Amino acid sequence: MSLASRLICAGCDTALSPQEARPFCCPRKDAGDDVDHVLGIELDLEGDAFPEADDPDPFVVFRKLFHSYRFARRKGVEDAEFVARVREIDRALAETDGRSFRFTPLVRSRELESAAGIANVWIKDETGNVGGSHKARHLMGIALHLAFAQEAGRELSISSCGNAALGAALVAKATGRPLKAFVPPAADALVLARLEELGTRVVACERTPELPPGDPCTHRFRADVAGGALPFSVQGSDNALSLEGGRTLVWEMVSQFKESSMPLPDNVVIQVGGGALGSSFVQGFETALQLGAVERLPRFFFVQTEKLHPLERAWRRLTEDAYAAAGESPGKRSNAEHAAWWLEHREDEEVRRVWRGARRRRSRYMQPWKTAPKSLATGILDDETYDGFVLLDALIRTGGWPLLASEEGLSRSQELADVAGIPACATATAGLAGLLALDEATGFEDQGWAVLFTGERR
Ligand SMILES: [Zn+2]
């Protein structure tokens, strides 16, 4: 296999040195040029095959698809040494959390399907993962890079309201690094207590009128990083390596479907806050496609709440701009019809120019949400979809569209999780709530659905 890998900015095409110790953000991200500077991971997959699931630990099975692995190997680290480091972190996690990284269940519940009136719904259940959610995966990806890039620094910093901070605290402790967490004052008391127990320095951040628009925790976190702390973030825009670990979720699913000889569902429905989970899914599927493990990308649907939906707003505006460029009017078409229109016209010269140029007109499409509404799905109320442009691309290329979950739908999706016997919180079942909101006749029903239950109910 090739050990080549690098990170490259999707907004301005700047490529980082493959040996960069801090390959987290585009060096031009503060240029103020309205370009969406978000790095993507590029792997040379020439001669590679999709890994066999020959170990219970996804970070061992899929290691050769990590930039961190290739980075370490290029520095002279042996394969066995990398694996030993993964196992060492895993043991430390098991000691503190009682859980370590293992393939999480992929299940189908006939009871849920019958109660929801939707057939062929596959659930990737992350409620039993380290820290009780998928977040620790993202952080393990970063931790593995730091394990072999000592020159990067030591102190870790994160902005989060709950699950991500908990995942970060566990992985930080397992790797012996100090962590600072910037959290909203109303963060879950149980989570805060656990963070203190794990030795995390917790900083509560008020939303005050003096601060610029956007999440105050994000502002404080970014200032901390500018001061030298390492971004231990689950947002791809703050640390692109958070996607490494996130992608293991897709690869696990691909392996599990392969093993059971079941076809992968054609539709994937993912809840979106900052967008890193969705972006990990898109990029993970692209890698699986390059390796021939899947035949095509699934149709993506991204779910936000009716209360706060910056990605949906961006998609709507981009869609309007595309129609205008093509000299057409959107008229009264449904979202399904808009998505079909994109599939048909995305490569038309004028439309393509709008679509491809969107990343360089960031503020036209993506702005911080002006209010801070309440919702049952507290974990996806990010002011901005930081990784949003990857998601917009995926919608346009695969024929999906954004879905909005109502509060009733979120509540119903939790009841359905109970029917399936999975104690997931409302954020965790928001993807299913989005699927419940899909009331248009799509003709996709027979092709199956994959949803994620991302975290446990506390
Ligand atoms: Zn850039």
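Quick note: structure is the one above.
Cut-offs applied
All residue numbers refer to positions counted from 1 along the written sequence of the respective chain. With the structure being a predicted model, the display of local features is reserved for residues of pLDDT at least 70 and the display and counting of side-chain atom pairs for 80 or more, all residues being used for whole-chain, interface and lining totals. Remark: hydrogens and water are excluded; side-chain values derive from all non-hydrogen atoms of the structure. In this scheme, a residue with accessible area under 20% of its type's maximum is buried, one over 50% is exposed, and one in between is partly exposed, where area comes from a 1.4 Å probe on protein chains only. Here a strand is any run of E in DSSP of at least two residues, a helix any run of H or I of at least four, and the numbering for each starts at the N terminus. A strand pair is defined by DSSP finding two or more bridges across the two strands. For a crossover, the right-handed case is the one in which the path from the first strand over the helix to the second runs clockwise, viewed with the strands pointing away from the viewer. With axes taken as lines fitted to C-alpha atoms, and helix axes fitted only over the stretch in contact, angles between N-to-C directions fall between 0 and 180 degrees. Whether two residues are in contact is decided by their heavy atoms: any pair within 4.5 Å suffices. A pairing counts as a salt bridge when a side-chain nitrogen of Lys or Arg comes within 4 Å of a carboxyl oxygen of Asp or Glu. As used in this record, nonpolar core signifies buried Ala, Val, Leu, Ile, Met, Phe, Trp, Tyr and Cys residues forming a set joined through side-chain atoms within 4.5 Å. How far a helix is expected to stretch is found by multiplying one less than its residue total by 1.5 Å. Our arc is simply the arc of the directions from the helix axis toward the C-beta atoms. Metal donors: N, O and S atoms at distances within 2.8 Å, or within 3.2 Å for Na, K and Ca, with water omitted from the atom set so that some sites may seem incomplete. Here the metal geometry follows the donor angles, with tetrahedral for four donors whose angles all fall between 85 and 135 degrees, square planar for four and octahedral for six when opposite donors are more than 155 degrees apart and every other angle is between 65 and 115, and irregular for all the rest.

A. Layout of the pairing of strand β6 (residues 179-183). Counting buried positions along β6 gives 5 out of 5 residues, so the element sits mostly inside the fold. Side chains of β6 alternate between two faces, with Leu179, Ala181 and Val183 and Lys180 and Phe182 buried alike. Inspection of the sheet shows strand β5 (residues 156-159) paired to β6 by 4 bridges, in the parallel sense. When the sheet's bridge partners are listed, Ser157 is paired in β6 with Lys180. Following the chain from β5 across helix α6 (residues 163-174) to the adjacent parallel β6, one finds a crossover that is right-handed. Where β6 meets strand β7 (residues 201-204), 4 bridges bridge the pair, whose relative direction is parallel. Residue Lys180 lies in a different strand from β7, and its bridge partner there is Arg201. For the segment spanning β6, helix α7 (residues 189-197) and β7, crossover handedness is right-handed.

B. How the structure looks around the sheet that holds strand β3 (residues 106-108). Within the open sheet, the 6 strands sit side by side as β3-β4-β12-β9-β10-β11. Their pairing is mixed. Each having just a single partner strand, β3 and β11 (402-405) make up the two edges of the open sheet. The average angle at which neighbouring strand axes cross in this sheet is 30 degrees, direction not considered. Alignment of strand β10 (residues 299-305) against β11, held across 4 bridges, turns out to be parallel. When the sheet's bridge partners are listed, Thr305 is paired in β11 with Ala405. Against the sheet, helix α10 (residues 276-290) touches β9 (267-271), β10 and β12 (449-453), its axis set at about 150 degrees to β9.

C. Structural context of unusual backbone geometry. For Asp13, which is not glycine, the phi dihedral falls at a positive 70 degrees. For Asp13, the position within the fold is in the loop between β1 (5-9) and β2 (39-43). Look at Asp13 and you get exposed, because its relative accessible area is 57%. Despite not being glycine, Asn120 has its phi angle at roughly 60 degrees, a positive value. In this fold, Asn120 is placed in the loop between α4 (110-116) and β4 (121-125). By relative accessible area, which is 22% here, Asn120 ends up partly exposed.

D. Structural context of the pattern of salt bridges. The final tally for this structure, using the stated rule, is 33 salt bridges. Close ionic contact of Arg102 with Asp90 constitutes a salt bridge, the shortest N to O distance being 3.7 Å. Taken together, the residues span a long stretch of sequence, with Arg102 in the loop between α3 (79-97) and β3 and Asp90 in helix α3 at a distance of 12 residues. A relative accessible area of 38% means that Arg102 is categorised as partly exposed. Each of Lys124, Glu126, Arg137 and Glu252 takes part in a single network of salt bridges with overlapping partners.

E. Highlighting the sheet that holds strand β8 (residues 230-231). Strands sit in the order β7-β6-β5-β8 across an open sheet of 4 strands; the sheet is parallel. Of all the strands in the sheet, the pair left with one neighbour each is β7 and β8.

F. Representation of the nonpolar core. Counting 141 residues, the largest nonpolar core has Phe232, Phe281, Phe285, Phe300, Phe302, Trp342 and Phe453 as the members making the most contacts within it. The element that contributes the greatest number of residues to this core is α6, accounting for 9 residues. Setting aside residues no more than four positions away along its own chain, Trp342 makes contact with Trp315, Leu318, Thr319, Ala322, Val351, Trp355 and Ile396.

G. Geometry of the pairing of β12. Taking burial as the measure, the 5 residues of β12 include 5 buried ones, the bulk of the element. Burial along β12 is two-sided: Trp449, Val451 and Phe453 and Ala450 and Leu452, pointing in opposite directions, are all buried. The sheet contact formed by β4 and β12 spans 5 bridges and is parallel. Among the inter-strand pairings, Ile123 is bridged to a residue of β12, identified as Val451. As judged from the 3 bridges shared by β9 and β12, these two strands associate in the parallel manner. Looking at β12, one finds that Val269 is bridged to Val451.

H. Region of interest: the side chain of Gln304. Relative to the assigned elements, Gln304 resides in strand β10. Overall, the relative accessible area of 2% leaves Gln304 in the buried class. Discounting residues that sit within four places of it in the chain, Gln304 has contacts with Val272, His309, Pro310, Leu311, Glu312, Thr385, Leu403, Leu404 and Ala405.

I. A look at α3. With 19 residues, α3 extends 27 Å from end C-alpha to end C-alpha; this agrees with the ideal 27 Å at 1.5 Å per step. Three or more residues of α3 are buried, namely Phe82, Val83, Arg85, Val86, Ile89, Asp90, Leu93 and Asp97. One face of α3 carries all of its buried residues, which in axial projection span an arc of 155 degrees. In α3, the exposed residues that point more than 90 degrees away from the buried face are Ala80, Arg91 and Glu95. For α3, the elements touching its buried residues are α1 (58-61), α2 (67-74), α5 (135-147), α6 and α7.

J. View of the coordination of the zinc ion. Bound to the zinc ion are the protein donor atoms Cys9 (SG), Cys12 (SG), Cys26 (SG) and His37 (ND1), situated 2.0 to 2.3 Å from the metal. Seen from the zinc ion, its 4 donor atoms lie at angles of 105 to 116 degrees, and the figure they make is tetrahedral. Taken in sequence order, the residues that donate to the zinc ion follow the motif C-x2-C-x13-C-x10-H. When sorted by exposure, Cys9 lands in the same class as Cys12, which is buried.

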